[in-house]
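# Examination of the molecular architecture
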Amino acid sequence: MNERRGPNDALRFLPGWAWTAMVAAWLVVPLAASRPSAFSAGAALAAAGAGGYAVAAGVAAWLLVAIALWEIAAYFLRGRLPIVADPGSPIAAAIHAVSSACAALIPAASAMSLATRPDYFRSIPWWDWAMAAAALAWNAYSIARLIRSLSEKDSGYREYSAFRSSTEEPGSLRSKLGRARGIQGRLTVLFTGLILLIIVVLATSLLRDFGSTLLRAIMDNGRSLADRGASIVKTNISDKIAIDDYLAIEAAKNDGAAFPFASVTYYRRDPKSGAYAARASTDPAVVGKAPASSADAVGSAGVIEEPETIEFRAPVVLSGVDLGFVSVVYDRQTIYGPYYLTTVKTVIISFLFLYASVFVTYLFGRGIVFPILFLRMSVNAIATRLSSMVKGSERVSADGLRYDDRVATKDEIKKLSLEIGNMAAVIRGVVPYISASTLRHSERETPTTERRELAFLFTDIRGFTTICEGLSPEEVVAMLNHYLDIQTEAIVAAGGDIDKFVGDEVMAVFDGPEKELQACRAGMAIRKAMAEAQEKARKEAGAVVSIGIGINSGPVVFGSVGARERMDFTSIGDTVNLAARLEGANKTYGTKSLVTEAVYDRVKDDFLCREVDLLAVKGKNVPARIYEVLQERDKASQKLVHIKEGFEAGLAAYRSKRWAAAKKIFAKVSEAYGDEASEVFLRRVEVFEAAPPPADWDGVFRMTVK
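Cut-offs and rules
Residues numbered from 1 in each chain as written. Predicted model: local features only at pLDDT ≥ 70, side-chain atom pairs only at ≥ 80, totals over all residues. Heavy atoms only, no water. Helix = DSSP H or I, 4+ residues; strand = E, 2+ residues; numbered from the N terminus. Buried < 20%, exposed > 50% of the residue type's maximum accessible area, 1.4 Å probe, protein only. Pairing = 2+ DSSP bridges. Axes fitted to C-alpha atoms, helices over the stretch in contact; angles between N-to-C directions. Contact = heavy atoms within 4.5 Å. Patch = residues over 30% accessible without salt bridge, like charges linked within 9 Å, V, L, I, M, F, W, Y side chains within 5 Å. Areas by Shrake-Rupley, 256 points an atom, 1.4 Å probe, with all protein chains shown as cover. Salt bridge = Lys/Arg side-chain N within 4 Å of Asp/Glu carboxyl O. Lys, Arg positive; Asp, Glu negative; His and termini not counted. Charge placed at Lys NZ, Arg CZ, Asp CG, Glu CD. Polar contact = N/O pair within 3.5 Å; in protein donor to acceptor, adjacent residues only side chain to side chain. Phe/Tyr/Trp six-rings, centres within 6.5 Å; stacked < 30°, edge-to-face > 60°. Parallel < 35°, antiparallel > 145°, perpendicular 65-115°, else oblique. Left-handed = near helix turned anticlockwise from the far one by under 90°. Nonpolar A, V, L, I, M, F, W, Y, C, P; charged D, E, K, R; others polar. 1 Å grid on protein atoms, 1.4 Å probe; cavity = no way out; pocket = protein on both sides within 12 Å on 5 of 7 lines; lining within 4 Å. Points joined across faces, edges and corners; volume = space filled by probe spheres on them. Core = buried A, V, L, I, M, F, W, Y, C linked by side-chain atoms within 4.5 Å. pLDDT = per-residue confidence, 0-100.

## Quick notes on the environment of N577
By the secondary structure assignment, N577 is in helix α18 (residues 574–589). Judged by relative accessible area, N577 falls into the partly exposed class, the value being 40%. Separated by 25 residues in sequence, N577 and N552 place their C-alpha atoms 9.1 Å apart.

## Description of the sheet that holds strand β2 (residues 276–281)
The strand order across the open sheet formed by five strands is β2-β1-β5-β4-β3, and the pairing between neighbours is antiparallel. Of all strands in the sheet, those bounded by a partner on one side alone are β2 and β3 (302–305). Neighbour to neighbour, the strand axes of the sheet diverge by 30° on average, direction disregarded. Set on the sheet, helix α11 (residues 240–254) makes contact with β1 (263–269) and β2; between it and β2 the angle comes to about 65°.

## Overview of the environment of R655
Here R655 shows up in helix α20 (residues 638–655). For R655, a relative accessible area of 26% gives the class partly exposed. For the pair formed by R655 and V700, sequence separation is 45 residues and the distance between their alpha carbons is 9.1 Å. Non-local contacts of R655, meaning those with residues more than four positions away in its chain, are made with E611, D613, L614, R625 and W697.

## Considerations on a negative patch on the surface
Judged by side-chain charge, E514, D605, D606 and D634 come together as a negatively charged surface patch. Looking at where E514 falls in the secondary structure, it is placed in the loop between β8 (505–510) and α17 (515–539).

## Here we look at the side chain of E628
Its place among the elements puts E628 in strand β13 (residues 624–632). Judged by its relative accessible area of 5%, E628 falls in the buried class. A polar contact is formed between the side chain of E628 and the backbone nitrogen of K592, at a distance of 3.3 Å. A polar contact is formed between the side chain of E628 and the side chain of R610, at a distance of 2.8 Å.

## Here we look at the packing of aromatic side chains
A complete count under the given rule lists 22 aromatic pairs for this structure. Their ring planes at 35° and their centres at 6.5 Å tell us that F121 and W129 sit as a pair that is tilted. Its relative accessible area of 24% is what places F121 among the partly exposed residues. For the pair Y589 and F701, a centre-to-centre distance of 6.3 Å together with 75° between the ring planes defines the contact as edge-to-face. In this pair, Y589 is assigned in helix α18 and F701 in strand β14 (residues 700–702), connecting sequence segments 112 residues apart.

## A short note on the pattern of salt bridges
Considering all chains together, one arrives at 22 salt bridges under this definition. The residue E516 makes a salt bridge to R602 at a minimum N-O spacing of 3.8 Å. Of this pair, E516 sits in helix α17 while R602 sits in helix α19 (residues 597–603), and the two are 86 residues apart along the sequence. Residues E648 and K644 are paired through a salt bridge, measuring 3.0 Å at the closest nitrogen-oxygen approach. Of the two residues, E648 and K644 both sit in helix α20, four residues apart, roughly one turn of that helix. Judged by its relative accessible area of 27%, E648 is partly exposed. Beyond isolated ion pairs, a larger network of salt bridges with shared partners links R228, E250 and K253.

## Focus on a nonpolar patch on the surface
On the surface, L190, F191, L194, L197, I198, V201, L202, L206, F364, I368 and I372 cluster together to form a nonpolar patch covering roughly 990 Å² of accessible area. Breaking the nonpolar patch down by element, the ones donating at least two residues are α10 (183–235) and α12 (332–391). Among the residues examined, L190 registers a relative accessible area of 57% and is labelled exposed.

## Some points on the packing of helix α5 (residues 90–114) against helix α7 (residues 126–151)
With their axes 8 Å apart at the nearest point, α5 and α7 run at an angle of 155° to one another. Taken together, the axes of α5 and α7 lie roughly antiparallel to each other. Both α5 and α7 take part in a crossing whose hand is left-handed. Note on element contacts: α7 touches α5 through M131, A132, A135, L136, W138, N139, S142, I143, R145, L146, S149 and L150, opposite P90, A93, A94, H96, A97, S100, A101, A103, A104 and P107. Here the residues of the contact of α5 with α7 sort into 16 nonpolar, five polar and one charged.

## Details of the pairing of β3
Here β3 pairs with strand β4 (residues 309–318) via four bridges, running antiparallel. Pairing of E305 across the sheet is with I310, part of β4. The turn joining β3 and β4, which pair antiparallel and follow one another in sequence, is formed by three residues.

## So, empty space enclosed by the protein
In total, this model carries one cavity of 30 Å³ or more according to the counting rule given. In terms of lining, the largest cavity is formed by R12, F13, G16, W70, E71, A74, V84, A85, P87, A92 and H96. Of the residues assigned to the lining of the largest cavity, the class counts are seven nonpolar, two polar and two charged.

## Focus on the nonpolar core
Core analysis: the largest hydrophobic core is formed by 39 residues, its most contacted members being L457, I491 and F510. Apart from residues lying up to four places away in sequence, F510 is in contact with L454, A455, L457, I491, A494, G495, G496, K515, Q518, A519 and A522. Ranked by size, the runner-up nonpolar core spans 25 residues in total, among them F647, A653, F681 and W697.

## Observations concerning the packing of α7 against α12
Two elements in contact, α7 and α12, have axes whose closest approach is 12 Å; the angle formed by their N-to-C orientations is 20°. By the criterion of interaxial angle, the relationship of α7 to α12 is roughly parallel. α12 is crossed by α7, and the crossing has right-handed handedness. Residues L136, N139, A140, I143, I147 and S151 of α7 form the contact with α12, whose participating residues are F351, Y355, F359, Y362, L363 and R366. Its residues assigned to classes, the contact of α7 with α12 comprises nine nonpolar, two polar and one charged.

## Topic: the confidence of the model for the chain
Model confidence for the chain is summarised by a mean pLDDT of 81, while 88% of its residues fall at 70 or above. Considering only residues more than four positions removed or in separate chains, one finds that residues 46–50, a stretch of pLDDT under 50, has four contacts. Segment residues 173–178: pLDDT under 50, and three contacts once partners within four positions in sequence are set aside and those in other chains are kept.

Structure (structure tokens):
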């Protein structure tokens, strides 16, 4: 693998290098200032074997140095070891997280080993505080990057990220606040707050109990030591050597004590002056001196608390005579040092636990939230497609409503996803039975109607009843669905919608400024597809099916039709009825695609059409001039042009009652091209020759059947 070089590549390493520079400065700045840092202190403690925390600090220090050196080497090894060296890889993010954790652990471990008094923290230089803060920030960033890089390896997460980017305003404050108020954000805040409360309550309670127990142990130990010393002194009141030996023994035991005393001293009372002076002590500097406490407390038993010390006294009384007292002095920091150190440990460990709990809670929340988010994404995909179908911007198709179950858990969310999948399956099963018009107006709460300018296309399979004879119902349905599917594909591809199927009849609707052109293109596509199907049927010795097509355009009433509990969106009016009658008129004229004059005027520049007749359909007195669409002009053959010209010449003679001329022209077209429409008019001419029409004949053919 070739190494990538260049300034843009180096920029990806810049954050890691910045962190390495901070680590280096953490080592160099203390040397320049001649002050030790937490790094050097941790390494020194580890070398001296000063305890478990110190060893951890030392190991972290050297590991931090090793990772810092790796950060420099990674740039040069990125081509050979991309999995580890690439700053965008999960392993690189994990290395950064370990490095920053080491930097945070060093001062924490040092504090848990050495912080026996508040002065410890006041002595920490500013660069240690700055490094600790930077380490925590870099650690949080690295862990977040690690989680993100691992998540991006999951195809489901990548898909959801793309979905979120497409549905939310990128980088907007509203989207960020929305995610913060989401289930995962609320879970993280709630559980982190709960964990914080538990830690504070437990730590406070335990520290209070520990402090009470510690103080009680010190008090008992101090009183016991003072009483024991007073008893020894009283027994050996005149034997100074024995008293000194006893104090030497106590001093020896004091070296390994958990709570060492500062001094044990016997103060002797002068019988004459009544003054007290130290006669023997574990602290030679005290011998011969008067007690440091106030005079009213001298010689009394009990506890004397000073700002820096706590003193326990036991009187030495023999036969009612006050001979002095034994004083046991503890340094206050020595007593409270372990308590303070324990408090520091508790605070640091609690903080680290709380810090870790934020990420653990976040990951726990992901386990709950992500299935819900994937569920949302799957439902949104279905809802978006269905909405697009309703709005008319997407083709109405059941295949577009397939539910993609992305939930991999085995819990209530999975059950919900399965139920939604079942619901989507029901919708997918129902959609094919709903017309596009009905679906697109399904958002309206109340039934409505409106006047629209639309184009309609009707088709019908010729002789379908005869074709079905001898076939089983299953074979009939299969054949019908096959031919209806052929027609539907052509209609939808041309920009139309299926309004309804009525047996073997199709009603399609077209809208828009080019509705007539679209309808004629759909008709030509249907004729082409059906011709191919006919050829295939002939080769397979199957049933040969042909169809008729009728197209009309004009005003209709469009809207809700039906009962309150079962409605449909469809069109009603003469425009629709005439289109349906034209489809049936193809059988009369032997034509394939008949259109009205309204359609012809809009498509005559694009399609080769011939005028067929003036037709008054059953139930109507006003005739309609009808045309047959022969072919698209740029694809029309000379044969079709000759058929058009010859037929229209014969039609002109026919309307002029020039029967001989008309008969001759129609016969010529019929014989030359096998034109069925010419044969129809040839028979009409023969009828009119035998029985001429009345003088006021208008040339209109009136149909008596639908």
